[in-house]
Amino acid sequence: MTSSVFDSERLLFTPATPNTDAIPLIFAFPNEYSVGITSLGYQVVWATLAMRDDVQVSRLFTDTHEQLPREPEILGFSMSWELDYVNILNLLESLSIPIRADFRNERHPLIFGGGPVLTANPEPFAEFFDVILLGDGENLLGDFIEAYKEVRSASREFQLKRLAQVPGIYVPSLYAVEYLAKDGAVKSINPISAEIPAVVQKQTYRGNTLSASTVVTEKAAWENIYMVEVVRSCPEMCRFCLASYLTLPFRTASLEGSLIPAIERGLKVTNRLGLLGASVTQHPEFTELLDYISQPKYDDVRLSIASVRTNTVTVQLAKTLAQRDTRSLTIAVESGSEKLRQIINKKLHNDEIIQAAVNAKAGGLTNLKLYGMAGIPGEEPEDLDATVAMMRGIKKSVPGLRLTFGCSTFVPKAHTPFQWFGVNRQAEKRLQMLQKQLKPQGIEFRPESYNWSIIQALLSRGDRRLSQLLELTRDFGDSLGSYKRAFKQLKGQIPDLDFYVHAEWSTEQVLPWSHLQGPLPQSTLLKHLAEAKSYFHSCQKQLQALNL
């Protein structure tokens with residue numbers, strides 16, 4: 001692909017003309033252009049940098065790039081998907097930069113990373129970055145550039161120590177990790193000197209103007225889409241959910257102040273609109289927003305909405321979507337078992353799910369996609385039967401509505417109350433069982449790969465010893481077999497796959513990310529974990545009483 005992809009871009013901002021002494025900076029997305037340019041986070045950070053006259057920013061993707069500076073001072077990566085680490089290492093090598101931070105010297109640019117993967121748990125990738133930005137970029141990015149300008153001509157060592165003073169900036173090399181044994185758990189994580197903060201606090205943007213697309217292009221994976229972030233985080237706080245716990249508190253964009261002006265701006269250049277957020281329909285003025293988009297002047301607009309909360313699916317919502325060229329709606333139900341939904345704090349009942357399906361059909365939608373999960377902590381085989389029964393019930397209530405059930409395996413995520421649990425070893429069998437039961441019902445079943453869930457769990461609970469493993473798997477390929485082969489090669493030097501993926505960790509042990517503070521303190525996460533466990537134990541007691 002040539003640079004002509006950049007010619008198709010319609011910018012919704014005005015880039016600045018860089019000063020003569022502007023910082024030469026490369027901002028990379030470790031995947032193809034069509035994927036990277038569809039990432040709202042990448043778009044916004046790039047535009048923020050391009051609007052500064054003290055930075056000269058060039059974009060880099062795996063298949064194309066703008067003209068790159070001969071001597072960049074900073075190289076940044078936006079990381080949205082765990083397995084893109086392979087592309088990060090390849091891109092570093094293509095620029096003749098050592099992939100490990102401790103092999104770089106004064107001649108090399110500072111390598112920084114940000115994005116959801118690194119904010120959640122940067123440790124497996126820590127050895128590859130000089131600097132990691134934890135949290136929302138709105139203020140953090142500017143703070144990073146300003147701090148760098150102060151020490152621009154200083155030694156690399158001095159630069160890193162200064163940057164580590166900025167809230168939200170994590171410099172992995174300034175923290176020493178000790179282990180109970182070579183292949184044991186983490187013993188301690190401490191800063192290497194007194195002036196380095198003992199804990200790095202994730203940064204949270206608290207304004208009511210959220211993100212919107214800065215560029216629209218037909219070369220994006222979602223062709224010509226203009227994206228608007230309606231809400232950030234999710235007020236539901238399902239206990240396994242990274243999208244809720246890591247991004248708290250729940251914030252909503254101001255309707256008159258930012259949402260409507262942003263939508264008007266975007267619809268001048270395209271007729272494809274995407275409303276983004278973990279729980280879009282929970283915006284307090286969502287009905288008004290729908291009314292606004294339903295105006296006759298927007299009749300040709302194609303509307304896409306991210307996953308919506310089940311009990312907010314109204315006939316009006318379905319009607320608006322159907323009129324705006326959307327045929328399907330996605331809701332996350334997790335399980336058909338009331339017991340499991342209580343354990344995970346999913347405030348939802350089966351009758352609400354059926355009502356959502358009825359409303360979807362009444363409004364003119366033809367497809368309903370439901371998302372569930374196998375292997376949720378506390379799950380028993382009868383909970384899966386409840387999921388099958390729920391899907392049968394929906395099918396019976398809304399004949400003619402095409403139903404899809406997408407199902408993943410529970411994966412423990414850092415900074416959530418379920419971070420101490422492991423992946424259920426029975427989950428693969430349970431996915432197969434659901435497939436067997438649902439297929440004859442005429443329900444399309446789409447399981448997420450169990451092997452991919454295992455790799456995800458490894459990276460979501462990994463510590464920095466995994467960097468050796470990641471370098472090996474890069475040569476072996478990205479299948480689960482490659483990871484197992486690499487573990488075999490490193491036997492005795494790092495814990496085994498089981499320790500990271502399946503083991504239930506003690507709430508007493510030091511977690512790989514204990515020095516990185518998310519929105520909630522560990523004491524709150526433990527309280528939420530205790531609530532889940534106490535509900536599970538009370539259910540077990542009731543069952544035992546019934547069986548006596």
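Residues numbered from 1 in each chain as written. Predicted model: local features only at pLDDT ≥ 70, side-chain atom pairs only at ≥ 80, totals over all residues. Heavy atoms only, no water.

An unreviewed UniProt entry lists the chain under the name Fe-S oxidoreductase, with Cylindrospermum stagnale PCC 7417 as the source organism.

J.: Give me the lowdown on the pairing of strand β12 (residues 225-229), citing residues and values where you can.
T.: Counting buried positions along β12 yields 5 of 5 residues, so the element is predominantly enclosed. By the alternation rule, side chains of β12 split into I225, M227 and E229 and Y226 and V228, which are all buried. (Buried < 20%, exposed > 50% of the residue type's maximum accessible area, 1.4 Å probe, protein only. Helix = DSSP H or I, 4+ residues; strand = E, 2+ residues; numbered from the N terminus.)

J.: Lay out unusual backbone geometry in plain terms, naming residues and giving numbers.
T.: Between L248 and the following residue, P249, the backbone shows a cis peptide bond with an omega angle of 0°. Inspection of the secondary structure puts P249 in the loop between α7 (242-245) and β14 (251-252). One non-glycine residue, S96, lies in the positive phi region at around 60°. Note on placement: S96 falls in the loop between α3 (85-94) and β5 (110-114). With a phi close to 65°, E334 is a non-glycine residue in the positive phi region.

J.: Give a detailed account of the environment of N121, specifying residues and quantitative values.
T.: Tracing the backbone through its elements, the reader meets N121 in the loop between α4 (116-120) and β6 (131-133). In sequence terms N121 and A362 are 241 residues apart; their C-alpha atoms lie 43 Å from each other. In terms of polar contacts, N121 uses its side chain to reach the backbone amide nitrogen of E123, at 3.1 Å. (Polar contact = N/O pair within 3.5 Å; in protein donor to acceptor, adjacent residues only side chain to side chain.)

J.: If you had to explain the packing of aromatic side chains to someone new, which residues and values would you point to?
T.: Here the structure, examined in full by the defined rule, presents 21 aromatic pairs. Their ring planes at 80° and their centres at 6.0 Å tell us that F410 and F418 sit as a pair that is edge-to-face. Residue F410 is classed as buried on the basis of its relative accessible area, which comes to 1%. Against the face of W46 rests R59, its NZ or CZ located 3.8 Å from the ring centre. Cation over ring: R485 sits above F476, and NZ or CZ is 3.7 Å from the ring centre. (Phe/Tyr/Trp six-rings, centres within 6.5 Å; stacked < 30°, edge-to-face > 60°. Lys NZ or Arg CZ within 6 Å of the ring centre and 35° of its normal.)

J.: So what's going on with the pairing of strand β9 (residues 186-191)? Residues and values would help.
T.: Direction of pairing for strand β8 (residues 175-179) relative to β9: antiparallel, over a ladder of 5 bridges. Bridge pairing in β9 links A176 to N190. (Pairing = 2+ DSSP bridges.)

J.: Would you mind going over the domain arrangement of the chain in detail, with residue names and values included?
T.: Each domain of the chain was delimited in the assignment, giving domain 1 (5-201) and domain 2 (225-448). Put simply, the middle of domain 1 and the middle of domain 2, counted by C-alpha atoms, are 33 Å apart. Summing both sides of the interface, domain 1 and domain 2 together bury roughly 980 Å²; the carbon and sulfur share of this comes to 60%. Per-residue buried area on domain 1 facing domain 2 is highest for L12, L40 and A120; these three make up 50% of the total on that side. Between domain 1 and domain 2 we count 4 salt bridges in total. (Domains from an automatic or database assignment. Buried area = accessible area lost by both parts, 1.4 Å probe. Salt bridge = Lys/Arg side-chain N within 4 Å of Asp/Glu carboxyl O.)

J.: Outline a negative patch on the surface, supporting the account with residue identities and numerical values.
T.: On the surface, E256, E285, E288 and D291 cluster together into a negatively charged patch. With respect to the helices and strands, E256 occurs in helix α8 (residues 255-267). Residue class for E256 comes out exposed when judged on its relative accessible area of 60%. (Patch = residues over 30% accessible without salt bridge, like charges linked within 9 Å, V, L, I, M, F, W, Y side chains within 5 Å. Areas by Shrake-Rupley, 256 points an atom, 1.4 Å probe, with all protein chains shown as cover. Lys, Arg positive; Asp, Glu negative; His and termini not counted. Charge placed at Lys NZ, Arg CZ, Asp CG, Glu CD.)

J.: Give me the pattern of salt bridges: which residues, what numbers.
T.: In this structure the tally under the stated criterion is 34 salt bridges. The salt bridge partner of D325 is R302, with a shortest N-O separation of 3.1 Å. Here D325 is found in the loop between α10 (315-323) and β17 (328-334), whereas its partner R302 is found in strand β16 (residues 302-305), with 23 residues between them in sequence. The class of D325 is partly exposed, set by a relative accessible area of 43%. Exposure remark for R302: the relative accessible area of 37% places this residue in the partly exposed category. Each of D136, E138, E229, R232 and R251 takes part in one network of salt bridges that share partners.

J.: Could you give an account of the sheet that holds strand β7 (residues 169-170), with specific residues and numbers?
T.: Taken together, the 6 strands give an open sheet; going across it, the order is β3-β2-β4-β5-β6-β7, and neighbouring strands pair in mixed fashion. The open sheet has two edge strands, β3 (55-60) and β7, and neither has a second partner. Relative to β7, β6 is paired through 2 bridges, and the arrangement is antiparallel. Within β7, the position partnered with L133 by the bridge is I169. Where α3 meets the sheet, its contacts fall on β3, β4 (74-78) and β5, and the angle it forms with β4 comes to roughly 160°. (Contact = heavy atoms within 4.5 Å. Axes fitted to C-alpha atoms, helices over the stretch in contact; angles between N-to-C directions.)

J.: Talk me through the sheet that holds β12; I want residue IDs and the actual numbers.
T.: Picture the strands of a sheet paired through backbone hydrogen bonds; they go either parallel or antiparallel. Spatially, the 3 strands line up as an open sheet ordered β12-β15-β16, and their pairing is parallel. Edge positions in the sheet fall to β12 and β16, since each of these pairs with one other strand and no more. When the angles between neighbouring strand axes are averaged without regard to direction, this sheet yields 20°. The pairing of strand β15 (residues 272-276) with β16 spans 4 bridges and is parallel. From the neighbouring strand, L275 faces β16, where its bridge partner is I305. Helix α9 (residues 286-293) contacts β15 and β16 of the sheet and is inclined by roughly 175° relative to β15.

J.: How would you explain the environment of G393 if you had to name every residue and give the values?
T.: Structurally, G393 is set in helix α13 (residues 381-397). Given the relative accessible area of 22%, G393 is considered partly exposed. Along the primary structure G393 and I354 are separated by 39 residues, whereas in three dimensions their C-alpha atoms are 7.6 Å apart.

J.: Can you explain the packing of α8 against α9? Please cite residues and give values.
T.: Remark: α8 packs on α9, axes separated minimally by 12 Å, with the N-to-C direction vectors making an angle of 30°. In terms of orientation, α8 lies roughly parallel with respect to α9. Crossing handedness for the pair α8 and α9: right-handed. Packed against α8, whose contacting residues are L255, L259, I260, I263 and E264, the element α9 presents E288, L289 and Y292 at the interface. Its residues assigned to classes, the contact of α8 with α9 shows 6 nonpolar, no polar and 2 charged. (Parallel < 35°, antiparallel > 145°, perpendicular 65-115°, else oblique. Left-handed = near helix turned anticlockwise from the far one by under 90°. Nonpolar A, V, L, I, M, F, W, Y, C, P; charged D, E, K, R; others polar.)

J.: Give a detailed account of the UniProt feature "domain: Radical SAM core" (unreviewed entry) in the chain, specifying residues and quantitative values.
T.: This chain's UniProt record puts "domain: Radical SAM core" (unreviewed entry) on residues 220-441. End C-alpha to end C-alpha, residues 220-441 measures 37 Å, and it is 37% helix and 18% strand. (UniProt positions renumbered as here; feature names shortened; annotations may be inferred.)

J.: Outline the side chain of S328, listing residues and values.
T.: Residue placement: S328 occurs in strand β17. According to the relative accessible area criterion, S328 is buried, its value standing at 19%. Not counting residues within four places of it along the chain, the set of residues in contact with S328 comprises L365, N367 and K369.

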